[in-house]
Amino acid sequence: MPIRIIVVDDHPVVRDGLREIFSTAEAFEVVGEAADGPEALVLARLTDPDLVLMDLRMPKMSGTELIRRLREQTPGVNVLILTTFDDDADVLPAIEQGATGYLLKDTPRAELLRAAQAAARGEKVLSPAVAGLLTRKARAPEQRTLSRRELEVLGLIARGATNREVAAKLFVTEATVKTHLLHVFAKLGVKDRAAAVAAAYEIGLLRRASET
């Protein structure tokens, strides 16, 4: 029996390309396409696919929300992410919500087909970049996790704010800001503000404006 697959992407040209790839492969049957999360949920309910191949950022519903609702609505379905985004803000929530695999859109055709077959069997499939990110995350010491307030302070510092400006913005004293910064320095293993900001960008605690 062929693997029943639905394709979910908000770009028609991408859907056309994926439909052509999978329709011409004997192991698969494309049973539908959707342009956003709500369409995908309806389609999955009607077609009961083995695999949902989906982008991560689409209109009307976030990719992580779609994964969660697909897993609730159709527990037996496997989800394979195919996207251009490989930072931890995208990867980790998708994996945590139950995505079976995570590939990037530069994946070669043959590799994509093999990965889709594996994902349909419930096997984890990850692009090298994503696998490396998860490995680094697993190896990162827990002490490098900053509190919400520490992240707020560091985020303002990264945008050039002084301690006084941070204090005014967060309605705290300068002494409190300095205390938060000392905790940040200790957790990140650095000695000054510039090094803290650089380390936070490097390990994904902060995201540059060009990445948002």
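Everything below is about the structure printed above this text.
Remember, it's a predicted structure, so these values are computed and weren't measured experimentally.

**What about unusual backbone geometry?**
Piece 1. Look at Asp48: it is not a glycine, yet its phi comes out positive at around 50°.
Piece 2. Tracing the chain through its elements places Asp48 in the loop between helix 2 (37-47) and strand 3 (51-54).
Piece 3. Residue Phe171 is not a glycine yet carries a positive backbone phi of 60°.
Piece 4. Structurally, Phe171 can be placed in the loop between helix 8 (163-170) and helix 9 (174-188).

**Regarding the nonpolar core**
Piece 1. Val8, Met54, Leu66, Leu70 and Ile81 are the most contacted members of the largest nonpolar core, which has 25 residues in total.
Piece 2. Those elements giving two or more residues to this core turn out to be strand 1 (3-8), strand 2 (28-34), helix 2, strand 3, helix 3 (63-73), strand 4 (78-83), helix 4 (88-96) and strand 5 (101-104).
Piece 3. Of the residues forming this core, the biggest block, four residues, is contributed by helix 2.
Piece 4. Setting aside its immediate chain neighbours within four residues, Leu70 contacts Ala40, Leu41, Ala44, Val52, Met54, Pro75, Val77 and Val79.
Piece 5. Within the second largest apolar cluster, 21 residues are counted, among which are Ile5, Ala25, Ala119 and Val125.

**As for the sheet that holds strand 5**
Piece 1. Spatial strand order, 2-1-3-4-5-6: six strands in an open sheet with parallel pairing. Sheet topology places strand 2 and strand 6 (125-126) at the edges, where each strand pairs with a single neighbour.
Piece 2. Bridge count for strand 4 against strand 5 is four bridges, and the pairing is parallel. Paired with Thr83 across the two strands is Leu104, which belongs to strand 5.
Piece 3. Against the sheet, helix 1 (residues 12-23) engages strand 1, strand 2, strand 3 and strand 4, with an angle of about 165° to strand 2.
Piece 4. Most of the contacts of helix 3 go to strand 3, to which it runs at about 175°, and overall it touches strand 1, strand 3 and strand 4.

**A closer look at the packing of helix 9 against helix 10 (residues 193-202)**
When two helices pack together, their arrangement is captured by the angle between the axes and the distance separating the axes.
Piece 1. Relative to each other, helix 9 and helix 10 sit at 55°, their axes nearing to 10 Å. Taken together, the axes of helix 9 and helix 10 are oblique relative to one another. The handedness of the crossing between helix 9 and helix 10 is left-handed. On the side of helix 9, the interface is formed by Leu181, Val184, Phe185 and Leu188, while helix 10 contributes Arg193, Ala196, Ala199 and Ala200.
Piece 2. When grouped by side-chain class, the residues that make up the contact of helix 9 with helix 10 number seven nonpolar, no polar and one charged.

**Remarks on the packing of aromatic side chains**
Piece 1. Scanning the entire structure with this criterion turns up one aromatic pair.
Piece 2. Where Phe22 meets Phe28, the ring centres are 4.9 Å apart and the plane angle is 85°; that geometry is what we call edge-to-face. Judged on exposure class, the residue Phe22 and its partner Phe28 are both buried.
Piece 3. Positioned over the ring face of Phe85 is Arg57, at 3.7 Å from the centre of the ring.

**Thoughts on the pairing of strand 1**
Piece 1. A large share of strand 1 lies buried, amounting to five of its six residues.
Piece 2. In this structure, strand 1 lies alongside strand 2, joined through six bridges in parallel fashion. When the bridges of strand 2 are listed, Ile3 appears paired with Phe28.
Piece 3. Handedness of the β-α-β unit built from strand 1, helix 1 and strand 2 comes out right-handed.
Piece 4. Looking at chain direction, strand 1 and strand 3 are connected through four bridges and run parallel. The partner of Val8 across the bridge, within strand 3, is Met54.

Rules used in this analysis
- Residues numbered from 1 in each chain as written.
- Predicted model: local features only at pLDDT ≥ 70, side-chain atom pairs only at ≥ 80, totals over all residues.
- Heavy atoms only, no water.
- Helix = DSSP H or I, 4+ residues; strand = E, 2+ residues; numbered from the N terminus.
- Core = buried A, V, L, I, M, F, W, Y, C linked by side-chain atoms within 4.5 Å.
- Buried < 20%, exposed > 50% of the residue type's maximum accessible area, 1.4 Å probe, protein only.
- Contact = heavy atoms within 4.5 Å.
- Pairing = 2+ DSSP bridges.
- Axes fitted to C-alpha atoms, helices over the stretch in contact; angles between N-to-C directions.
- Parallel < 35°, antiparallel > 145°, perpendicular 65-115°, else oblique.
- Left-handed = near helix turned anticlockwise from the far one by under 90°.
- Nonpolar A, V, L, I, M, F, W, Y, C, P; charged D, E, K, R; others polar.
- Phe/Tyr/Trp six-rings, centres within 6.5 Å; stacked < 30°, edge-to-face > 60°.
- Lys NZ or Arg CZ within 6 Å of the ring centre and 35° of its normal.
- Right-handed = clockwise from strand over helix to strand, strands pointing away.

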